[in-house]
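Report on the structure
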Amino acid sequence: MSNRLHALIEQTQFLLERQVEAKATCSGAFTSLLSQIDKKLKASNAAQSKRLHHVHELLSGQAEQLMEDTEGDIDFLKTQLKALTDITKVTDAKKAKELLNSLLDPSEEVLSTEEFKRAVIEELAASQEGFNVVIEDMSAALEEGDLANVEVMLEQLVMATAEEDDEDDEDDDHDDDDDCDDEDGGCGSGCSSGGCGSCATGCGSDKGTDIYGSLSAYDRDLAKDKKNEPSDRN
């Protein structure tokens, strides 16, 4: 097995494990918030109940979409890991090299596994910090009965997610047109930057690294809003 192939397998496996862990973390956070809403519903009046049901619906939809998107990333990484692992079973060195080149452009740089792991861990840690802030803000607002604020946060979160999806679609269209139209089916250089640099293997920064991304994007927008608000929020 070549050093390049060995590194790609290690890095894709690492990324897959982190993605599974991140999905579990997010799922637990959303479940906790939904449980908090359910408890509030039991003690609410008619007017509060209607708003709480609206909040529950928004949050459930966001959680479902995030879990669905993340499961898609996990499936993608599993598929790419299998493709890379299958190459190790090819006894013809020339054929194995051709198969690897069809997954990753030979001109693409592959970071050392140590560097790659450090970059992924740092990226996920920063994103999760933003995620935790948003979850904590929602939980505190629910506890205080500030449903209007929770509704605003969730509606803005939905918008942030939609905007991120639109950007991803534009990136995908660009990649399809400019980078992934090689005759051999491989990706041209430039499919992604960072990571080990391949949209084909999924171990670059463009695929499957950031489950917390939409919440973090929302948190950055929220931080800007807070900075522009008067010190007395009431």
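Let us look at the structure shown here. In this numbering scheme, every chain counts its residues from 1 along its sequence in written order. Thresholds applied to this predicted model are a pLDDT of at least 70 for local features of residues and 80 or more for the giving and counting of side-chain atom pairs; totals over whole chains, interfaces and linings are not thresholded and use all residues. By convention in this description, side-chain values take in all heavy atoms of the structure and omit both hydrogens and water.

Glancing now at helix H4 (residues 113–144). For H4, built from 32 residues, the straight-helix expectation of 46 Å at 1.5 Å per residue is met to within 8% by its first-to-last C-alpha distance of 46 Å. For every residue, the accessible area obtained with a 1.4 Å probe (protein chains only) is divided by the maximum for its type, and the residue is called buried under 20%, exposed over 50%, and partly exposed between those limits. Where helices and strands are cited, they refer to DSSP runs of H or I of at least four residues and of E of at least two residues respectively, numbered from the N terminus. The complete set of buried residues in H4 reads Thr113, Phe116, Val120, Leu124, Ser127, Gly130, Phe131, Val134, Ile135, Met138, Ala141 and Leu142. Directly after H4, the chain includes Gly145, whose backbone phi takes a positive value near 80 degrees. Multiplying 1.5 Å by the helix residue count minus one yields the expected span of that helix.

This part covers the pattern of salt bridges. Put simply, a salt bridge is a Lys or Arg side-chain nitrogen that is within 4 Å of an Asp or Glu carboxyl oxygen. Counted according to the given criterion, the structure contains seven salt bridges. Arg18 is the salt-bridge partner of Glu21, the closest N and O atoms lying 2.7 Å from each other. Taken together, the positions of Glu21 and Arg18, both in helix H1 (residues 3–42) and three residues apart, correspond to about one turn of that helix. Judged by relative accessible area, which is 44%, Glu21 ranks as partly exposed. Note on Arg18: relative accessible area 17%, which makes it buried. When the shortest N-O distance is used, the salt bridge between Glu114 and Arg118 registers 4.0 Å. Here Glu114 pairs with Arg118, and both are found in helix H4, just four residues apart, close to one helical turn. Judged by its relative accessible area of 60%, Glu114 falls in the exposed class.

On their own, these measurements won't tell you what the molecule is for.
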